[in-house]
Amino acid sequence: MEETPPGQRQPQPAHASPPFPAPGSFTPPQRVFSPALAARGTPSPGSGHGAPAHLSTPPGPPVFSSPLRPAAVPFRATPASPHPVPFAAAGGGYSSSSSATTASLPTSSAPHFLNGAATPHGDLAPAPSPLQGDGLDNPYVQFSANKVLKQKKLLNTPSLGFGALVSPGKEVPPGPEVVEREPRRCLNCGAYVNLYCDISIGSGQWQCIICKKLNGSEGEFVVSSKQDLLQWPELASTTVDYVQVGNRRPGFVPVSDSRVSGPIFILIDECLDEAHLQHLQGSLHAFVDSLPPTAKIGIITYGRTVSVYDFSEGSAVSADVLPGNKSPTHESLKALIYGTGVYMSPIHASLPVAHTIFSSLRPYQLSVPEVSRDRCLGAAVEVALGIIQGPSVELSRGIIKRSGGNCRILACVGGPCTFGPGSVPHSVKHPNYAYLEKTAMKWMESLGHEAQRHSTVVDIFCAGQCPVRVPVLQPLAKCSGGVLLLHDDFGEAFGVNLQRASTRAAGSHGLFEIRCSDNMLVTQVIGPGEEASPDSHETFKHDSSFCIQMHSVEEAQSFSVSMETKCDIKSDFVFFQFAVHYSNVYQAEITRVITMRLQTVDGLSAYLASVQEDVASVIIGKRTVLRARTASDAIDMRQSIDERVKDIALKFGTQAPKSKLYRFPKELASLPECLFHLKRGPLLGSIIGHEDERSVLRNLFLNTSFDLSLRMLAPRCIMHREGGTFEELPAYDLVMQPNAAVVLDHGTDIFIWLGAELAAQEGQSAAALAACRTLAEELSEQRFPAPRILSFKQGSSQARYFVSRLIPAHKDPTYEQESRFPQLRTLTPDQRARLKSSFIHFDDHSFCEWMRSLKLVPPEPS
């Protein structure tokens, strides 16, 4: 394609072109923020093709048999993407917000009494009993333990640790209380007033829970009784959203509009072969059909040039073409922005044109290998950013925000960026490849930060058989607040992820603050952000908060916060306050304040009984995976899991009588099994073949929500039963019974396995497969990214995906098998014999063998 200066049209019928300790020591760093880092490598050709995920709403959930073995996570789909509702003023100076999202966890209810601190001062409101209003059901924060051990030495044990998973952007109905005024803050440390503060009802003074200093309220909190204080939402609820009404833009969405979508730019790789292009065209057609009528879209294709499509030509397909070998000049962007072309248009006015554009795309014509084709992705993103900014590009950076929500760039990528800015050589054997790759990564990181400053998220969706050079593309997605995903092809799963990415409500310019009382110290934060510079936020005289600059604020995110205490704790409660300040999709300024307290205990047994094993497992998993930046690092981290489990048993367990073996604490019975799954699974193990795939999974795991993190860590195994019901079972290979169908949910992959005997019965196998597919779709409804769904029969080559994720318990003695897998007792002797003969011997340890190799007694099943 020859280059055409901006303003000259050309028909487009076709396209031709942080520090960590040594493994085993587990000494956390002091006050270090550790963002997720990508490992390097080359991607693998996609192996296998997943069963297509339907774009329509799946059938209702299957029926479970009763009774059920308790699940690690209650049976439910992951939370739906939030569709926030604009704030409407209500009487009393504040209003309650609502949301159209699907609930996954209960919201915390307001307490009946004001919760004060432990020691009343003068006429301050008295402290409540330990059972009142601790907010442990808060949907935004999950602690690794619901009590805090007073002894510094044990609480700070690095192998177990103490911390929290915080999802500050999560949306749950009916949502937190909404207050349309500035928050009241401690003048000494910056903490926010909350329901746990002691308040003098006579003078209106309130005592900060973090620094214990008294603050005035200018008479606002002067009331006749403490019950009157409950009229202030911040004094009655653990979570409050403060909305700055004065920041509303002229284009503020009316209350009747329940869904808002920012502008979306679709970037399309025009170097695809025919088979890939056909799949992509189908996904793009379905994608634009799914968008709301008010959504604005723009379309760009890129190869050696950047083609920006014009929606003003009606049925004709035309584009302005810019060179891809360099960044767009100010003059070329100005010619586009002030020209007659329409490059972003609402769906209701441009849907036929969009379909025509997609249909006009043509496969790559030259006989050049996929990896060697010229792709100017960097220049294409720059052009899209310039058009999104519009006339404000001429003003000082960051002064003007466009109304109508934040923007997204969805890049559909089939190969590496090998042309223009941010590019790397076609071949990794290039003599200067390492230096050029490092330069390209730095340029992409800068471009990602530029997008983030302009409230634009860049999501990169890669598919096909061609290596895309993940280390180069990852910084662009990460620094803008987006994601990078790898797919086997551009088919329906790819299309589902396009849809779900476009409907994620993203806030921008986020600042996340963490404050703790009683000498608690934040030692490490892992999540989608980076430590904020002191000049990027307001500071107070004695502000000890830990501040993180967030790349974007979305529901499907979480931060893993590790904490220690500086000394033994004397008080009865420890207070934690998490605050996130951001601009939402309506361009309103939101400050969400979450305040919680935990009771302190002296006894080790009381502390261990309060440990939330799933949360603790995810926090340990994120700390471990963060250090697995390369394949060799992953091997070290697998060994570190052994040392960690041994250390937990030595510190918190007991020695078995007349033996040198240690018993793992019964309160933490499921923790070592979760870590065993982590050691063997795709995050650290070798069950997927290429480092790029592991790198993408690790980055997703480090940033994503608790629900998806737990599923990526430890798979969930569900067996189909006669009559169409399901039973949840341990993820052991004993589940591979020839007459059964099994669903294994591993977060980003869901596998459906049919036993050989069942598969031979055509009618029964079809019914079981349909029921399993319904279950898989129900489990993953609204999950982002949408998982790959694979189905296969026992003994097939693809069955290895399923087998490799199961613990090989068939090697254990019969009594241990039945203890950990009671369903075996329901099998007849003949069925047991056939099951036993179906296993192939290999050297992997079972869970019990692994525990004994560490000189530990396997914990009793919970």
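Residues numbered from 1 in each chain as written. Predicted model: local features only at pLDDT ≥ 70, side-chain atom pairs only at ≥ 80, totals over all residues. Heavy atoms only, no water.

As recorded in an unreviewed UniProt entry, the protein goes by the name Protein transport protein SEC23, listed as coming from Urochloa decumbens. Turning to the protein, the UniProt record has this under Function (unreviewed entry): "Component of the coat protein complex II (COPII) which promotes the formation of transport vesicles from the endoplasmic reticulum (ER). The coat has two main functions, the physical deformation of the endoplasmic reticulum membrane into vesicles and the selection of cargo molecules." A UniProt comment under Sequence similarities (unreviewed entry) is attached to the protein, and it reads "Belongs to the SEC23/SEC24 family. SEC23 subfamily." (UniProt positions renumbered as here; feature names shortened; annotations may be inferred.)

Engineer: Explain the overall build of the protein residue by residue, including any values.
Structural biologist: Of regular secondary structure, the protein possesses 20 helices and 35 strands. Within the protein, the fraction of its 862 residues that count as buried is 60%. In the form shown here, the protein has an accessible surface area of approximately 32100 Å², with 54% of it arising from carbon and sulfur atoms. (Helix = DSSP H or I, 4+ residues; strand = E, 2+ residues; numbered from the N terminus. Buried < 20%, exposed > 50% of the residue type's maximum accessible area, 1.4 Å probe, protein only. Areas by Shrake-Rupley, 256 points an atom, 1.4 Å probe, with all protein chains shown as cover.)

Engineer: Break down the packing of aromatic side chains for me, with residues and values.
Structural biologist: Using the criterion set out here, one finds 18 aromatic pairs in the structure. Geometrically, the ring pair formed by Phe 751 and Phe 792 is tilted, given 6.1 Å between the ring centres and 40 degrees between the ring planes. With a gap of 41 residues between them, Phe 751 in strand β33 (residues 749-754) and Phe 792 in strand β34 (residues 788-793) connect regions that are remote in the sequence. Accessibility classification places Phe 751 together with Phe 792 in one group, the buried group. On the basis of an interplanar angle of 45 degrees and a centroid distance of 6.1 Å, the ring pair of Phe 847 and Trp 850 is categorised as tilted. You can see Phe 847 and its partner Trp 850 sitting in helix α20 (residues 847-853), 3 residues apart, about one turn around the helix. (Phe/Tyr/Trp six-rings, centres within 6.5 Å; stacked < 30°, edge-to-face > 60°.)

Engineer: Describe in detail the environment of Asp 636, supporting the description with residues and values.
Structural biologist: Among the structural elements, Asp 636 can be located in helix α11 (residues 631-652). Judged by its relative accessible area of 32%, Asp 636 falls in the partly exposed class. Between the alpha carbons of Asp 636 and Thr 624 there is a distance of 9.9 Å; along the sequence they are 12 residues apart.

Engineer: Kindly report on the sheet that holds strand β11 (residues 214-215), identifying the contributing residues and their values.
Structural biologist: Taken in spatial order, the 3 strands line up as β9-β10-β11 in an open sheet, and their pairing is antiparallel. Among the strands making up the open sheet, the edge pair consists of β9 (198-199) and β11. Direction of pairing for strand β10 (residues 206-207) relative to β11: antiparallel, over a ladder of 2 bridges. In the sheet register, Gln 207 faces β11, and the bridge partner there is Leu 214. (Pairing = 2+ DSSP bridges.)

Engineer: Would you mind going over the sheet that holds strand β29 (residues 662-663) in detail, with residue names and values included?
Structural biologist: Reading across from one edge, β28-β29-β35 is the order of the 3 strands in this open sheet, with mixed pairing throughout. Two strands lie at the open edges of the sheet, namely β28 (654-655) and β35 (856-857), each paired on one side alone. Taken together, the 2 bridges between β29 and β35 define a ladder with parallel strand orientation. Paired with Arg 663 across the strands is Val 857, a residue of β35.

Engineer: So what about the environment of Ile 718? Which residues, and what values?
Structural biologist: Within the secondary structure, Ile 718 is located in strand β30 (residues 716-720). It is 8.5 Å that separates the C-alpha atoms of Ile 718 and Ala 731, two residues lying 13 residues apart in sequence.

Engineer: Give me the pattern of salt bridges: which residues, what numbers.
Structural biologist: Across all of its chains, the model carries 34 salt bridges by this definition. A salt bridge links Glu 513 to Arg 185; the shortest N-O distance between them is 3.6 Å. With a gap of 328 residues between them, Glu 513 in strand β21 (residues 508-516) and Arg 185 in the loop between β8 (177-179) and β9 connect regions that are remote in the sequence. Across the pair Arg 834 and Glu 757 runs a salt bridge whose closest N-O atoms are separated by 2.8 Å. Residue Arg 834 is located in helix α19 (residues 829-837), and its partner Glu 757 is located in helix α15 (residues 756-759); the two are separated by 77 residues in the primary sequence. Within the structure, one salt-bridge network assembled from shared partners comprises Arg 185, Glu 513, Arg 515 and Asp 543. (Salt bridge = Lys/Arg side-chain N within 4 Å of Asp/Glu carboxyl O.)

Engineer: Please set out the side chain of Arg 504 residue by residue, giving values where relevant.
Structural biologist: Within the fold, Arg 504 resides in the loop between α8 (492-502) and β21. For Arg 504, a relative accessible area of 10% gives the class buried. Here Glu 554 takes part through its side chain, which lies 2.5 Å from a polar atom of the side chain of Arg 504. (Polar contact = N/O pair within 3.5 Å; in protein donor to acceptor, adjacent residues only side chain to side chain.)

Engineer: Hey, could you go over the pairing of strand β19 (residues 456-463) for me, with residue numbers and the actual values?
Structural biologist: Counting buried residues in β19 gives 8 out of 8 residues, a clear majority hidden from the surface. Residues Thr 456, Val 458, Ile 460 and Cys 462 of β19 are buried on one face, and the alternating residues Val 457, Asp 459, Phe 461 and Ala 463, pointing to the opposite face, are buried as well. Pairing of strand β18 (residues 407-413) with β19, which is carried by 7 bridges, proceeds in the parallel orientation. By the bridge assignment, Cys 412 is partnered in β19 with Phe 461. With helix α6 (residues 433-453) bridging β18 and the parallel β19, this β-α-β connection has right-handed handedness. In this structure, β19 lies alongside strand β20 (residues 484-487), joined through 4 bridges in parallel fashion. Bridged to Phe 461 within β20 is Leu 485. (Right-handed = clockwise from strand over helix to strand, strands pointing away.)

Engineer: Which residues make up the side chain of His 454, and what values do they have?
Structural biologist: Mapped onto the fold, His 454 is located in the loop between α6 and β19. At a separation of 3.2 Å, a polar atom in the side chain of His 454 contacts the side chain of Glu 450.

Engineer: Tell me about the confidence of the model for the protein, and please be specific about residues and values.
Structural biologist: Averaged over all residues, the pLDDT of the protein is 81; the fraction at 70 or higher stands at 80%. Predicted confidence is poor over residues 393-405, with pLDDT under 50, and the contacts of this stretch with residues over four places away or in other chains come to 32 contacts. (pLDDT = per-residue confidence, 0-100. Contact = heavy atoms within 4.5 Å.)

Engineer: Report on the state of the cysteines, specifying residues and quantitative values.
Structural biologist: As enumerated under the stated definition, the model contains 0 disulfides in all. Left without a disulfide partner, Cys 197 is nearest to the cysteine sulfur of Cys 208, which lies 6.3 Å away. (Disulfide = S-S within 2.5 Å.)

Engineer: I'd like a rundown of helix α7 (residues 470-480), residues and numbers included.
Structural biologist: Most of α7 is tucked away, with 10 of its 11 residues classed as buried. All of the buried residues along α7 are Val 470, Pro 471, Val 472, Leu 473, Gln 474, Pro 475, Leu 476, Ala 477, Cys 479 and Ser 480. Here the buried face of α7 lies against α5 (377-389), β18, α6, β19, β20 and α13 (691-703).

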